Amino acid sequence: MDSFVVIGLGSFGMSLARELYRMGHEVLAVDKNEDVVHRIADSVSHAITADARDEQVLKSIGVRNFDYAVVAFAENIQDNILITLMLKELGCKNVIAKGNDYLHVKVLKRIGADRIVFPEADMGIRIAQLIASSNIIDYIDISEEYSIVEVGAPSRWCGKSIRQIDVRAKYGINILAVKNQDGSAINVSPEPDYIIRRGDVLVVIGANDDIRQLG
């Protein structure tokens, strides 16, 4: 279990903090708006009303003791940069900041942000991936080049074994698991002799360019 301090409880920060807590992590949510802090109080480990632009506030919270510190807002670029800089200067091990535009990202990198996220852009990419291929059901980015994808079994594969299809050699991907159509049964690390059935959902890992061949 990791510990997170999430600063800024807009829609992104709110959903991030709640999901991290749901996943079993320790989460401290921070915002200067008392109403939003009250709304999230029951959905995280701790929630406090505080102005994170004050270095003494960050020290009193003990931000350096958390595994991750997330600056979850980017509407006010000046405050975003200021808080990111203070978190690094206070010794936070991993600072994740929400970015706004190209110049903002350059500044965040320069002052030491360990990771920069673009939630809106990332969601746009995710939706584009899903709607561009009727066969892809869902996917998880591993890096810019590799993904784990849930994909409906191509019709040309149905009735053939994984060995016959020669998935790794011909398509450059690996099948991690096979689920039946309604998800009620899952075969993890299927044997090479497993026969692909119509309606099967394959969980595959590979390069994005190779995965697109399955669309």
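Relevant structure appears above.
In this report, we go over the structure that sits alongside the text. Quick caveat, the model's predicted, so the values are computed rather than measured.

## Details of the nonpolar core
By size, the foremost hydrophobic cluster in this structure holds 26 residues, and its most contacted members are Val5, Ile7, Leu58, Val63, Ile83 and Leu87. Where this core is concerned, the elements lending two or more residues are strand 1 (3-7), strand 2 (26-31), helix 3 (55-61), strand 4 (68-71), helix 4 (77-89), strand 5 (95-98) and helix 5 (102-110). Judged by nonpolar contacts, the second largest core, of 18 residues, contains Trp157, Ile196, Leu202 and Ile211.

## Observations concerning the packing of aromatic side chains
Applying the stated criterion to the full structure yields two aromatic pairs. Aromatic pair tryptophan 157 and tyrosine 171: ring centres 5.1 Å apart, planes at 65°, arrangement edge-to-face. One end of the pair, tryptophan 157, is in the loop between strand 8 (146-152) and helix 7 (162-165); the other, tyrosine 171, is in helix 8 (residues 167-171), with 14 residues separating them in the sequence. Tyrosine 171 shares its class with tryptophan 157; the two are buried.

## So, helix 1 (residues 11-22)
Taking 1.5 Å per residue, twelve residues should reach 16 Å; helix 1 reaches 16 Å between its end C-alpha atoms and fits that length. Along helix 1, the positions that sit buried rather than exposed are Phe12, Gly13, Met14, Ala17 and Leu20. With its phi angle positive at about 100°, glycine 24 sits one or two positions after the end of helix 1.

Rules used in this analysis
- Residues numbered from 1 in each chain as written.
- Predicted model: local features only at pLDDT ≥ 70, side-chain atom pairs only at ≥ 80, totals over all residues.
- Heavy atoms only, no water.
- Core = buried A, V, L, I, M, F, W, Y, C linked by side-chain atoms within 4.5 Å.
- Buried < 20%, exposed > 50% of the residue type's maximum accessible area, 1.4 Å probe, protein only.
- Helix = DSSP H or I, 4+ residues; strand = E, 2+ residues; numbered from the N terminus.
- Phe/Tyr/Trp six-rings, centres within 6.5 Å; stacked < 30°, edge-to-face > 60°.
- Expected span 1.5 Å × (residues − 1).

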